[in-house]
2 protein chains.
Amino acid sequence: MALYLVGLGLGSSGYLTRMAMEVIAKSDKAYLDTYTSFLEPELIEELRIILGSRLIEADRRLLEEDVSRIVEEAGERDIAILVPGDPLIATTHISIIIEAARRGVKYHVIHGVSAHSALISASCLQAYKFGKIVTIPRSGVGVETCYRAILENMERGLHTLILLDTADGGLDIPSAIKMLMRVEDEFGMGLITPERLVICLARIGFGDEFRWAGSLAEALERNYPPPPHSIIFPGSLHFSEAEALETLLGASPRVIEQHKPPWIIWQRLQRYIENVENALRGLELIDQSSEVKEVLDLVERYLDDSRRFLSGGRGLDSLAAISYAEGLLDCLRMLGRVRFSWSSRQG
Amino acid sequence: MALYLVGLGLGSSGYLTRMAMEVIAKSDKAYLDTYTSFLEPELIEELRIILGSRLIEADRRLLEEDVSRIVEEAGERDIAILVPGDPLIATTHISIIIEAARRGVKYHVIHGVSAHSALISASCLQAYKFGKIVTIPRSGVGVETCYRAILENMERGLHTLILLDTADGGLDIPSAIKMLMRVEDEFGMGLITPERLVICLARIGFGDEFRWAGSLAEALERNYPPPPHSIIFPGSLHFSEAEALETLLGASPRVIEQHKPPWIIWQRLQRYIENVENALRGLELIDQSSEVKEVLDLVERYLDDSRRFLSGGRGLDSLAAISYAEGLLDCLRMLGRVRFSWSSRQG
């Protein structure tokens, strides 16, 4: 007697593992999670045939509210809970094994092929260059968080995988892009632009899978097979990644060549450093005192530090140093000791 | 005729998918990647029995140097390349399908259960809270990058999965921790401390899998089954994650309670802001001129901005503002207009 949390894989029957098949065959009762992700009707039909009356097609309410009853059953018989993908990656079902652990009921987790890794793999990008993964629900709730996550990942050169809702027919790529465009209108960080390189994936793991890379403008116009859909925003591209996007996903060389992540902090630092350099170049000394020269020496030292930190990848240190140098210069100017102007917006 | 890149899953035979089995059965020749990850001897033996003389056990040289010959074969017969995990997640084999695409040879990718998702799932932490994934090789090359990645993920509250080398007997958890301890000695960011909460996973997907959470000090002393091993450094913990670590992975409530990510940028900003506040509190005006007051007003405004940015999560803006305020104050002091002292190290 035990509780088996069984991953069903990507949603088509070919992605069932042998271990999943074995557990399904021997379990006394199997609850099928029909709501956390998409399963092909053929797979559900096959489970119905194999399991017959032992199969319970469960909605969220049943699997989340009847936890203690299900765990109790598993104390007496072999109970399987069948979950799309990997059974714990969404953590929806963790409360069931916590309950089992508390009551001393044995449990086993049978991992499954997860969309998380399959989508990363289908993108042809390097897995260790992905940052935080995000989800956009059909309601659009949290799409600002998603926008910020893409930016934060890009600041570190990382790729962002965006999973689109699969419930109730699912969210499609063009609708998700339009949601992100509305955030761009508000936030204006230059992230969602027509030329922005994106990878569009649909139905990975099914017979009609779709993999394509190109510009956001093109992505909006394309036809896609039905959901599940997902979008990837690449960060910095290694040349081998760029090669794969061109050869395997059909991205045009022009779109790839123009691909520049909006390196917010780096661009900002470069602008700040240039501003201080320009200010120093055009600076007039009104007062030749040694104190003023001492402050200007300090400005030069911090400017050097800022450049050195920037080239060493220490963005925060670089930002602190250059902002401090700006403060020193502005104070000298406000006290009438020097004259200069900032070439562009500061601070 | 086609080229099949087939994922074998976690390395034990139960994790083969039905689609992988089908392709293996029908392929005219199958190259087995024996070097990118660990496969159980029983699985290799089973492949030998199924495939007989059609199986080629390939080392790195064969699969990386003979790419064009293999692709040529796939133009005439069904050729499978069998890869542990998901066949593209490590991108080692992407050059083969790029070559196939260039020559117009059909190719198919059969996804597999990947350690990436299985380990995340086995950790009981939320998948969307993982940041960049890193690897530590047996040689220890790049362990500083790994240390930095953990810190950068933690700064954003994210978890870090560290894959340990599986080649040549693999790298074990205590050895990897010792490597990180040496980086701590050098970098001193307070990341690798005896109390630091870690999750240790070994042989996930095999019969003797090991999952445990606790302090680094305890992790160093434990006995583990043989590699593959991996370590997870949690970022910020949701209460449901903390509950799972306690109940399912045996973490002691004390270790979890003490778990505080070293929020480098936030700690730093709080210190900077306090320094400016203290400097202003203890500040003596030597010169009562309106210019000096104007500069001090500006300091107050930037201090306010910095606090506001910090509480709004805008760390970079907060850092720029507070550093600028420090610059203004230091310049006033150097010109002999005010007197104050920094309570602790600045800049």
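Calculation rules
- Residues numbered from 1 in each chain as written.
- Chains lettered and ligands numbered in written order.
- Predicted model: local features only at pLDDT ≥ 70, side-chain atom pairs only at ≥ 80, totals over all residues.
- Heavy atoms only, no water.
- Helix = DSSP H or I, 4+ residues; strand = E, 2+ residues; numbered from the N terminus.
- Contact = heavy atoms within 4.5 Å.
- Areas by Shrake-Rupley, 256 points an atom, 1.4 Å probe, with all protein chains shown as cover.
- Lys, Arg positive; Asp, Glu negative; His and termini not counted.
- Charge placed at Lys NZ, Arg CZ, Asp CG, Glu CD.
- Pairing = 2+ DSSP bridges.
- Axes fitted to C-alpha atoms, helices over the stretch in contact; angles between N-to-C directions.
- Disulfide = S-S within 2.5 Å.
- Buried < 20%, exposed > 50% of the residue type's maximum accessible area, 1.4 Å probe, protein only.
- Salt bridge = Lys/Arg side-chain N within 4 Å of Asp/Glu carboxyl O.
- Polar contact = N/O pair within 3.5 Å; in protein donor to acceptor, adjacent residues only side chain to side chain.
- Nonpolar A, V, L, I, M, F, W, Y, C, P; charged D, E, K, R; others polar.
- Domains from an automatic or database assignment.
- Buried area = accessible area lost by both parts, 1.4 Å probe.
- Expected span 1.5 Å × (residues − 1).
- Least-squares fit on C-alpha atoms with pLDDT ≥ 70 in both.
- Parallel < 35°, antiparallel > 145°, perpendicular 65-115°, else oblique.
- Left-handed = near helix turned anticlockwise from the far one by under 90°.
- Core = buried A, V, L, I, M, F, W, Y, C linked by side-chain atoms within 4.5 Å.

Novice: Which residues make up the overall build of chain A, and what values do they have?
Specialist: Of the regular secondary structure elements, chain A holds 14 helices and 12 strands. With respect to the three principal axes, the spread of C-alpha positions in chain A is 95 × 50 × 35 Å. Taking as baseline every contact in chain A between residues at least 6 positions apart, the subset at least 24 positions apart corresponds to 75%. Carbon and sulfur atoms provide 48% of the accessible area of chain A, an area that totals close to 13800 Å². Between the averaged position of the 37 positive side-chain charges in chain A and that of its 49 negative side-chain charges there is a distance of 2 Å.

Novice: How would you summarise the sheet that holds strand S4 (residues 79-83) of chain A if you had to cite specific residues and measurements?
Specialist: Residues and elements named next belong to chain A. What the 5 strands build is an open sheet, ordered S3-S2-S4-S1-S5; its pairing is parallel. This sheet does not close on itself; its edge strands, each paired only once, are strand S3 (55-58) and strand S5 (107-110). Averaged over neighbouring strand pairs, the angle between their axes works out to 20 degrees when direction is ignored. Summarising the sheet, strand S1 (residues 3-7) and S4 pair through 5 bridges and their orientation is parallel. Bridge pairing links Leu5 to Ile81 in S4. Its contacts with the sheet place helix H4 (residues 67-74) against S1, strand S2 (29-33) and S4, and it is angled at close to 145 degrees to S2.

Novice: If you had to explain the state of the cysteines to someone new, which residues and values would you point to?
Specialist: In the structure shown here, the tally under the stated rule is 0 disulfides over all chains. Left unpaired, Cys331 of chain A is separated from the closest cysteine sulfur, that of Cys331 of chain B, by 3.6 Å. Between Cys146 of chain B, a cysteine without a disulfide, and Cys200 of chain B, which holds the nearest cysteine sulfur, the sulfur-to-sulfur distance is 13 Å. With a relative accessible area of 1%, Cys146 of chain B lands in the buried category.

Novice: A description of the interface of chain A and chain B should follow, citing residues and the corresponding values.
Specialist: In this complex, chain A contributes 78 residues to the contact, which on the side of chain B involves 78 residues. Where chain A touches chain B, the interface holds 8 salt bridges. Arg156 of chain A serves as the salt-bridge partner of Glu152 of chain B, at 3.1 Å between the closest nitrogen and oxygen. The tally of links between chain A and chain B comes to 30 residue pairs in polar contact (both at pLDDT 80 or more). Top contributing element to the side of chain A that touches chain B by residue count: helix H14 (residues 315-334) of chain A, with 13 residues. A class-by-class count of the residues in the side of chain A that touches chain B yields 42 nonpolar, 19 polar and 17 charged.

Novice: Describe in detail the pattern of salt bridges, supporting the description with residues and values.
Specialist: A pair can form between side chains of opposite charge whenever their charged atoms are brought close. Residue and element names in this part refer to chain A. Tallied over the full model, the rule gives 44 salt bridges over all chains. We note a salt bridge from Arg69 to Asp66, for which the minimum N-O separation is 3.1 Å. Close ionic contact of Glu284 with Arg339 constitutes a salt bridge, the shortest N to O distance being 3.1 Å. Of the two residues, Glu284 is situated in strand S11 (residues 284-285) and Arg339 in strand S12 (residues 338-339); the sequence distance between them amounts to 55 residues. Given a relative accessible area of 43%, Glu284 falls into the partly exposed group. One continuous salt-bridge network, built from bridges that share partners, spans Lys29, Asp66, Arg69 and Glu73.

Novice: I'd like a rundown of the domain arrangement of chain A, residues and numbers included.
Specialist: Residue and element names in this part refer to chain A. Domain boundaries in chain A define domain 1 (3-113), domain 2 (116-258) and domain 3 (263-339). The C-alpha centroid of domain 2 is placed 30 Å from the C-alpha centroid of domain 1. With 9 residues of domain 1 at the contact, the number on the domain 2 side is 8 residues. Taking both sides of the interface into account, the surface hidden between domain 1 and domain 2 amounts to around 700 Å²; carbon and sulfur atoms contribute 65%. The interface formed by domain 1 and domain 2 includes 1 residue pair in polar contact (both at pLDDT 80 or more). A class-by-class count of the residues in the side of domain 1 that touches domain 2 yields 4 nonpolar, 4 polar and 1 charged.

Novice: How would you sum up helix H8 (residues 173-187) of chain A? Please name residues and give values.
Specialist: All names here are of chain A. Look at H8: 21 Å from first C-alpha to last across 15 residues, which is about the 21 Å you get at 1.5 Å a residue. Tucked inside the fold, the buried residues of H8 contact strand S6 (134-136), helix H7 (143-155), strand S7 (160-164), strand S8 (197-202), helix H9 (216-221) and strand S10 (229-233). Just past H8, the residue Gly188 takes up positive phi, approximately 60 degrees.

Novice: Report on the relation of the copies chain A and chain B, specifying residues and quantitative values.
Specialist: With an RMSD of 0.5 Å, the operation that places chain A on chain B is a rotation of 179 degrees combined with a shift of 0.3 Å along the axis. The transformation relating the two chain copies, once decomposed into turn and shift, fits a two-fold axis. Interface overlap between copies: 99% of the residues of chain A at the interface are likewise at the interface in chain B, consistent with a symmetric, same-surface contact.

Novice: Before we move on, could you go through the environment of Trp266 of chain A and cite the residues and values that matter?
Specialist: The residue Trp266 of chain A is located in helix H12 (residues 264-281) in this model. For the pair Trp266 of chain A and Asp172 of chain A, spaced 94 residues apart in sequence, the C-alpha separation works out to 33 Å.

Novice: Describe the pairing of S7 of chain A, naming the residues involved and giving the relevant values.
Specialist: Residue and element names in this part refer to chain A. With 5 of its 5 residues buried, S7 lies for the most part within the structure. Residues Thr160, Ile162 and Leu164 point to one face of S7 and Leu161 and Leu163 to the other, with burial holding for every one of them. Pairing between S6 and S7: 3 bridges, direction parallel. From the neighbouring strand, Val134 faces S7, where its bridge partner is Ile162.

Novice: I'd like a description of the packing of H14 of chain A against helix H14 (residues 315-334) of chain B, backed by residues and values.
Specialist: It is the contact of H14 of chain A with H14 of chain B, at a shortest axis distance of 6 Å, that shows an interaxial angle of 40 degrees. As summarised for this structure, H14 of chain A and H14 of chain B are arranged oblique, according to the angle between their axes. The two elements H14 of chain A and H14 of chain B meet at a crossing, and its hand is right-handed. Contacts from Leu316, Leu319, Ala320, Ser323, Tyr324, Glu326, Gly327, Leu328, Asp330, Cys331 and Leu332 of chain A in H14 of chain A reach Leu316, Leu319, Ala320, Ser323, Tyr324, Glu326, Gly327, Leu328, Asp330, Cys331 and Leu332 of chain B in H14 of chain B.

Novice: With reference to specific residues and values, describe the sheet that holds strand S1 (residues 3-7) of chain B.
Specialist: Residue and element names in this part refer to chain B. Taken together, the 5 strands give an open sheet; going across it, the order is S3-S2-S4-S1-S5, and neighbouring strands pair in parallel fashion. Across the chains shown, the open sheet's two edge strands, defined by having one partner strand only, are strand S3 (55-58) and strand S5 (107-110). Across the sheet, the axes of successive neighbouring strands diverge by a mean angle of 20 degrees, strand direction being ignored. Helix H1 (residues 18-26) contacts S1, strand S4 (79-83) and S5 of the sheet and is inclined by roughly 135 degrees relative to S1.

Novice: Give a detailed account of unusual backbone geometry, specifying residues and quantitative values.
Specialist: A cis geometry characterises the amide bond from Pro227 of chain A onward to Pro228 of chain A, with omega recorded as 10 degrees. Structurally, Pro228 of chain A is set in the loop between H9 and S10. A positive phi angle, near 55 degrees, is found at Arg203 of chain A, a position not held by glycine. Of note in this structure, Cys124 of chain B is not a glycine but carries a positive phi near 65 degrees. Among the structural elements, Cys124 of chain B can be located in the loop between helix H6 (115-122) and strand S6 (134-136). When its relative accessible area of 3% is taken as the criterion, Cys124 of chain B is described as buried.

Novice: Can you lay out the nonpolar core for me, pointing to particular residues and giving the numbers?
Specialist: Leu82 and Leu245 of chain A together with Leu82 and Leu245 of chain B are the most contacted members of the largest nonpolar core, which totals 91 residues. Excluding residues that lie within four positions of it along the chain, Leu82 of chain A makes contacts with Val6, Leu8, Ile24, Ala30, Tyr31, Leu32, Asp33, Leu47, Leu51 and Leu55 of chain A. Tyr272, Val295 and Phe309 of chain A together with Leu298 of chain B belong to the second largest nonpolar core, which has 62 residues in total.

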